[in-house]
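# Structural description and commentary
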Amino acid sequence: HPKNAGNKAFSGADFFSFASANKANPALKYYLVKSADGSLYALNITDQSAFSNFFEYKTMSDYTNSEREFKIESDIGGDIYTVKSDLAKKGKSKQESYELALAFVLKKYNMGLGLSKMDSNGDFKPLFVNETTPDPQKQKKKNYEKTDNCNL
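This structure is a prediction, so every number in the text was calculated from the model and none was measured.

What counts, and where the lines are drawn
- Residues numbered from 1 in each chain as written.
- Predicted model: local features only at pLDDT ≥ 70, side-chain atom pairs only at ≥ 80, totals over all residues.
- Heavy atoms only, no water.
- Phe/Tyr/Trp six-rings, centres within 6.5 Å; stacked < 30°, edge-to-face > 60°.
- Helix = DSSP H or I, 4+ residues; strand = E, 2+ residues; numbered from the N terminus.
- Buried < 20%, exposed > 50% of the residue type's maximum accessible area, 1.4 Å probe, protein only.
- Lys NZ or Arg CZ within 6 Å of the ring centre and 35° of its normal.
- Contact = heavy atoms within 4.5 Å.
- Expected span 1.5 Å × (residues − 1).
- Core = buried A, V, L, I, M, F, W, Y, C linked by side-chain atoms within 4.5 Å.

## Remarks on the packing of aromatic side chains
For the structure shown, the criterion picks out eight aromatic pairs. When the ring of F15 is compared with that of F70, the centres are 5.6 Å apart and the planes differ by 50°; the resulting orientation is tilted. Note that F15 is positioned in helix α1 (residues 12-24) and F70 in the loop between α3 (60-63) and α4 (75-89), a separation of 55 residues in sequence. Across the pair, exposure class does not vary: F15 and F70 are buried alike. Where F104 meets Y144, the ring centres are 5.1 Å apart and the plane angle is 75°; that geometry is what we call edge-to-face. Note that F104 is positioned in helix α5 (residues 94-108) and Y144 in strand β6 (residues 143-147), a separation of 40 residues in sequence. Across the pair, Y144 and F104 agree in class, each one buried. In this structure an aromatic cluster arises from ring pairing among F16, F18, Y31, F51, F54, F55 and Y63. Over the aromatic face of F54 sits the side chain of K58, whose NZ or CZ is 4.5 Å from the ring centroid.

Below, the structure is given as structure tokens:
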């Protein structure tokens, strides 16, 4: 992704490109993106049926803007913005907040995908996010945290 990209990890268009490529070649199960800062991310299909079902009736034009990012007006884009903002307020960088927000929406919308990031040793480490409600009296206030527990 170019250095001027709003978010350096996967764009909304990348998700739709992967779905299109997988539809043309069902053996394609992984999709890699190298970000402008050199980070390497991998999307992998964890549930082919959920992946196919999710992208069957969704179009890139409905979910992405002219910069190929998720539209904030869409349900997915709105959730990415919410989670990203919450994590940034907790001191996460813009980049980490965004990548964790992506991991969150993959689970929430049952996209049948997992997201991993290559670490300094060259190993891909999966990214997972938990959503909790810290105060039962404030059900609308959610808390988002990175976790090592698989929640796909």
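## Let's talk about the side chain of E99
In this fold, E99 is placed in helix α5. Apart from the residues within four sequence positions on either side, E99 is in contact with Y41, L115, K117 and L127.

## Considerations on α1
The end-to-end C-alpha distance of α1, which contains 13 residues, comes to 19 Å, matching closely the 18 Å that a straight helix rising 1.5 Å per residue would cover. When we look at burial in α1, the residues that qualify are G12, A13, D14, F15, F16, F18, A19 and N22. On its buried side, α1 packs onto β1 (30-34), β2 (40-45), α2 (48-56), α3, α5 and β3 (113-118).

## Observations concerning the nonpolar core
Core analysis: the biggest nonpolar cluster contains 35 residues, and F15 and L113 have the highest contact counts within it. At the level of elements, α1, β1, β2, α2, α4, α5 and β3 are the ones that each hand at least two residues to this core. The biggest single contributor to this core is α5, with eight residues.

Take it as geometry only, folks, not as evidence of what the structure does.
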